[in-house]
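Observations on chain architecture
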Amino acid sequence: MKISSKSSPPFFSVIIATKNISEEFHDTMKSILTQKFKSYEITLIDSSNDEKSKGIISSYTDKVDNFLNKGDKGIYDAWNQGLEVSKGNWIIFLGSGDTLTANIFEKVFDKIENSCLDLFLSIINLVSNNNIKIIKPSKFTLSNLS
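Residues numbered from 1 in each chain as written. Predicted model: local features only at pLDDT ≥ 70, side-chain atom pairs only at ≥ 80, totals over all residues. Heavy atoms only, no water.

1. Focus on the overall build of the protein chain
The criterion, for reference: Helix and strand assignments follow DSSP, with helices taken as H or I runs no shorter than four residues and strands as E runs no shorter than two, numbered in order from the N terminus. The buried label goes to any residue with under 20% of its type's maximum accessible area, the exposed label to any with over 50%, and the partly exposed label to all in between, with areas taken from a 1.4 Å probe on protein chains only. Contacts are residue-level and defined by heavy atoms, with any inter-residue pair within 4.5 Å sufficient. Only the protein chains shown count as cover for residues, with accessible areas throughout obtained via the Shrake-Rupley method and a probe of 1.4 Å.
Counting its secondary structure elements, the protein chain contains five helices and six strands. Start at the N end of the protein chain and walk to the C end: the helices and strands fall as β-α-β-α-β-α-β-α-β-β-α. Expressed as a percentage of its 146 residues, the buried residues of the protein chain come to 34%. In the protein chain, once contacts between residues fewer than 6 apart in sequence are set aside, the share between residues at least 24 apart is 69%. Here the protein chain has roughly 9800 Å² of accessible surface; of this, 53% comes from carbon and sulfur atoms.

Written out as structure tokens, the structure is:
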């Protein structure tokens, strides 16, 4: 059960850009839907053009708060479209097939709820069949934002 009301925005907006997705999309959605912290919304921007993708996405229509399918010029354009409709205090960007660590919403919430933060960076694990690459963010400066 999601915790949100019309009087207060969700804490997190999860914006997912998809195009011609595969079965990995189920992992993406499962990693969101099994979070214990429930103050979130899901915005899905889809530019798929095949029936398989449309079928997979349709199985989650009752779980998605905002669905856009008006075409985009790439993942960043899709994410920007998602920003226009998302209402969360904090934004999480995902691609189809990306997954979240178990209980990450609660962990991040605990870190930032009583802090004066405008940006929160985290470690990313890029996992393939034979390799794990860990990306650790460097100290944030305006010059490394680009």
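2. Here we look at the side chain of asparagine 66
This is how it is decided: Any N or O atom pair separated by 3.5 Å or less is treated as a polar contact, with the protein-specific requirement of one donor-capable and one acceptor-capable atom, and with residues adjacent in sequence counted only for side-chain atom pairs.
Position of asparagine 66 relative to the elements: it lies in strand 3 (residues 66-68). Within polar-contact distance, the side chain of asparagine 66 engages the side chain of threonine 43 at 2.9 Å.

3. Looking at the sheet that holds strand 1 (residues 12-18)
Note the following rule: At least two bridges found by DSSP between two strands is the condition for calling them paired. Between N-to-C directions, angles span 0 to 180 degrees; the directions come from axes that are lines fitted to C-alpha atoms, helices contributing only their stretch in contact.
The strand order across the open sheet built from four strands is 3-2-1-4, with neighbouring strands paired in parallel fashion. The sheet terminates laterally at strand 3 and strand 4 (90-95), the two strands that pair on one side only. Neighbouring strand axes in the sheet, compared pairwise and without regard to direction, differ in orientation by 15 degrees on average. Here strand 1 runs beside strand 4; their pairing, made up of six bridges, is parallel.

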